[in-house]
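# Descriptive analysis of the structure
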Amino acid sequence: MPTPAPNKRAGDIEDISEPGSPRIKKARVDDGSGTRGQRRIEAEDANRDMSVEESEEVDVEVNGAEEVENEDEDEEGLDQPLHRNSRRIASATKEPPKGYSDLYLDTISRKLLDFDFEKLCSVSLSHINVYACLVCGKYFQGRGPSTHAYFHALDENHHVYINMATAKAYVLPEGYEVHNSTLDDIKYVVNPTYTKEEVAKLDREERVCWDLMGRKYVPGFVGLNNIKQNDYLNVVVHALAHVLPIRNFFMLENLEGKPELVTRFSTLIRKIWNPKAFKSHVSPHELLQEISLKSQKRFTLTKQSDPIDFLSWFLNNLHLSLGGSPARPGSSIVQKVFQGRLKIESQRITAKADESGDRLRFIESEEVNTELVRYLMLTLDLPPPPLFQDELEKNIIPQVPLTTILSKYDGRRTQELLGHRKRYRLLHPLPPYLMFHIKRFSKNKFVAERNPTIVTFPVRSLDMSPYVEPSSEHTGEPIWYDLVANITHDSAGQVAGEEMKSVWRVQVRDRSREEGWGQWVQIQDLWVEEVRRETLFLGETYVQIWERRRGIGGKGKGKGASGG
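Thresholds, definitions, all that
Residues numbered from 1 in each chain as written. Predicted model: local features only at pLDDT ≥ 70, side-chain atom pairs only at ≥ 80, totals over all residues. Heavy atoms only, no water. Phe/Tyr/Trp six-rings, centres within 6.5 Å; stacked < 30°, edge-to-face > 60°. Helix = DSSP H or I, 4+ residues; strand = E, 2+ residues; numbered from the N terminus. Buried < 20%, exposed > 50% of the residue type's maximum accessible area, 1.4 Å probe, protein only. Core = buried A, V, L, I, M, F, W, Y, C linked by side-chain atoms within 4.5 Å. Contact = heavy atoms within 4.5 Å. Pairing = 2+ DSSP bridges. Axes fitted to C-alpha atoms, helices over the stretch in contact; angles between N-to-C directions. Arc of directions from axis to C-beta. Salt bridge = Lys/Arg side-chain N within 4 Å of Asp/Glu carboxyl O. pLDDT = per-residue confidence, 0-100. Parallel < 35°, antiparallel > 145°, perpendicular 65-115°, else oblique. Left-handed = near helix turned anticlockwise from the far one by under 90°. Nonpolar A, V, L, I, M, F, W, Y, C, P; charged D, E, K, R; others polar.

### As for the packing of aromatic side chains
- Per the stated rule, a full pass over the model turns up 18 aromatic pairs.
- Between Phe299 and Trp313, the aromatic rings sit 5.6 Å apart at their centres with planes inclined by 55°, giving tilted as the arrangement. Here Trp313 lies in helix α13 (residues 307-321) and Phe299 lies in the loop between α12 (285-294) and α13, a separation of 14 residues in the sequence.
- For Trp313, a relative accessible area of 12% gives the class buried.
- Taking 6.4 Å as the distance between ring centres and 65° as the angle between the ring planes, the aromatic pair formed by Phe338 and Tyr433 counts as edge-to-face.

### Quick look at the nonpolar core
- Grouped together as the largest cluster of nonpolar side chains are 65 residues, with contacts concentrated most on Phe250, Phe265, Ile291, Phe310, Leu311, Phe314 and Phe338.
- Counting residues per element, this core draws most heavily on helix α9 (residues 231-241), which supplies eight residues.
- Leave out the neighbours within four places in its chain, and Phe265 touches Val237, Leu240, Ile246, Phe250, Leu287, Phe314 and Leu318.
- In this structure, Ile344, Tyr409, Ile479 and Val531 belong to the second largest nonpolar core, which totals 31 residues.

### Concerning the sheet that holds strand β5 (residues 176-177)
- Taken together, the five strands give an open sheet; going across it, the order is β2-β1-β3-β4-β5, and neighbouring strands pair in antiparallel fashion. The open sheet terminates on both sides in strands that have one partner only, identified here as β2 (139-141) and β5.
- Pairing of strand β3 (residues 160-163) with strand β4 (residues 169-171) involves three bridges; the strand directions are antiparallel. Paired with Val160 across the two strands is Val171, which belongs to β4.
- Where helix α6 (residues 148-156) meets the sheet, it contacts β1 (130-133), β2 and β3, and its direction lies at approximately 120° from that of β2.

### Quick look at the environment of Val190
- Secondary-structure assignment places Val190 in helix α7 (residues 184-190).
- For Val190, a relative accessible area of 9% puts it in the buried group.
- Residues Val190 and Ala277 lie 87 residues apart in sequence; the distance between their C-alpha atoms is 9.7 Å.

### Details of α6
- The set of residues buried in α6 consists of Ala149, Tyr150, His152 and Ala153. The arc that holds the buried residues of α6, viewed along the axis, is 165°, so those residues lie on one side.
- The inward-facing, buried residues of α6 abut β1, β2 and β3.
- The positive-phi residue at the C-terminal boundary of α6 is Asn157, with phi of around 65°.

### Thoughts on the pattern of salt bridges
- Scanning all chains against the criterion turns up 21 salt bridges.
- Glu260 is the salt-bridge partner of Arg264, the closest N and O atoms lying 2.9 Å from each other. Of this pair, Arg264 and Glu260 both sit in helix α11 (residues 260-272), four residues apart, roughly one helical turn.
- Arg532 serves as the salt-bridge partner of Glu534, at 3.5 Å between the closest nitrogen and oxygen.

### Let's talk about the confidence of the model for the protein
- Per-residue confidence for the protein gives a mean pLDDT of 80; residues scoring 70 or more make up 74%.
- Every residue in residues 1-92 is under pLDDT 50, and counting partners more than four places away or in other chains gives 51 contacts.
- Low pLDDT, under 50, characterises residues 552-564; the predicted model gives this stretch 39 contacts beyond four residues in sequence or across chains.

### A short note on the pairing of strand β16 (residues 433-439)
- For β16, the buried fraction is high: six of the seven residues fall into the buried class.
- Relative to strand β25 (residues 540-548), β16 is paired through five bridges, and the arrangement is antiparallel. Note on β25: the bridge partner recorded for Met435 is Ile545.

### A few points about the sheet that holds strand β15 (residues 420-426)
- Spatially, four strands are ordered β11-β10-β15-β14 in an open sheet, and the strand pairing comes out antiparallel. Where the open sheet ends on each side, the last strands, each with one partner, are β11 (369-375) and β14 (415-417). Pairwise comparison of adjacent strand axes, ignoring direction, gives a mean angle of 35° for this sheet.
- Sheet analysis places strand β10 (residues 340-348) next to β15, joined by seven bridges and oriented antiparallel. Bridge assignment links Glu345 to a residue of β15, and that residue is Arg423.

### Details of the packing of α9 against α13
- Across the interface, α9 lies against α13 with an axial gap of 9 Å and an inter-helix angle of 55°. As summarised for this structure, α9 and α13 are arranged oblique, according to the angle between their axes. In this structure, α9 crosses over α13, and the sense of that crossing is right-handed. Along the contact surface, α9 presents Tyr232, Leu233, Val236 and Leu240, while α13 presents Pro307, Phe310, Leu311, Phe314 and Leu315.

### Here's the deal with the packing of helix α10 (residues 244-252) against α11
- Contact pair α10 / α11: the axes reach a minimum separation of 9 Å and the direction vectors enclose 105°. In this view, α10 runs roughly perpendicular relative to α11, as classed from their interaxial angle. Together, Ile246, Arg247, Phe250 and Met251 of α10 and Val262, Phe265, Ser266, Ile269 and Arg270 of α11 make up the contact between the two elements.
- Looking at side-chain class alone, the contact of α10 with α11 contains six nonpolar, one polar and two charged residues.

### Considerations on the pairing of strand β22 (residues 502-509)
- Most of β22 is tucked away: seven of the eight residues are buried.
- Two elements, strand β21 (residues 480-491) and β22, share seven bridges in a ladder whose sense is antiparallel. Residue pairing across strands places His489 opposite Trp504, the latter belonging to β22.
- Pairing between β22 and strand β23 (residues 520-524): four bridges, direction antiparallel. Directly across from Val506, in β23, lies its bridge partner Ile523.

Following this line, the structure appears as structure tokens:
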């Protein structure tokens, strides 16, 4: 009679029953069927003389270990981050038979897809591992079992998803990746990319495109959605999107690993110039969320702000996010494009000047302090508006030429500020692009005032040489600048008890259709229309961006400075 097998109690087989034990996992791999019943039959054949009580005890221990391990795996899939399940998901996914990888692709609805909003799961509000359902357009987290995208595929019978970070498409719940050229247009809309040749053609070739609804649009001249009161941001983004070095840098450079402010602004610029868009407008929601967070809710989509305040904040934070240094001039693309130098001379106003009544005249015998500062934009002061009505009892809206208010920087006109008389002069070389801020709003202790004076200006051939300090490098030859963008202000109807609402518009030049320099486009939120260059100055100009011409000399048509 054969010798009975040793009586293995629970303490003797704890290395087998421990969840996650290598022996248990090896037994599962070696076992062809993987069923507990067959393992029990094999154990009984090997130990025929074992008592019924002992064999049942061993079976309970092994089965209990399996159940504990399965429970741990299920809980881990729910509680751990989604990327930790990638190895288990990859082993469970199976490629479909050849010729069947395009299943469910006919359920995709491109008209419902909108990738402009922030990439957050619509259930968990997490921004990690987000997938977009290509059937309904909603965002969900993950794609493995126990994830929101997986459950959405089962509940709603929506099977095609795209990873918003990698632009890879998958079919759920099966989990295999889709390699099909029919999805290339969706992947391009998620993350538009350009080559240097394509960017160079933007300003040379006129291109008219149509969206999925059959609406015509021109890349670079599309409406930006005013979600609530973010029109102040829309006009600034459009103006910067037509500054060539800025546009080319954010369209061509690899900004992976840079702060969110940089990457989201780059994505918005590339979507504005997208020739394959599904819709003829773009929403700046994703950039707005990052700006609201970084500015500590100083600039939000629910409260209207001053474009010049936002432009100053945005350029400085963009400069720092790109690795620029406050102490090193030209350390980022922002400073290389807009930064210039200015000489400020100041002299203290004495009591003797008060007696003579000549407070603004510099006295050569007294000390004059000279300071050199750097600037990104130049502020221009408007003359005060008339206080009285004309003989027809109508208010007069005055007009002033741009060259008149630019005389502030000719080095001769003097201003009084904080007990000092000051005069300003630009230094050579001037930056490739000049920004003018025409100061219209002023506040005192009692009321906020707006100056409605109209500023007249030429569209091209603005000579800046009279405002530059003569030097060995600059001996008085003309320095020509041409207008690129013009931000205007308008006042909407005022409701009782509320402040007057401002309406902001931007006028930008279309370089691909500038026969005779007459092609200008005016954009106000979603409204895009062509305007004549002769009417640009009729609005209340608030911010202007001018581009320096490459050639020096005559007024012939010349190409502006470009970059990238």
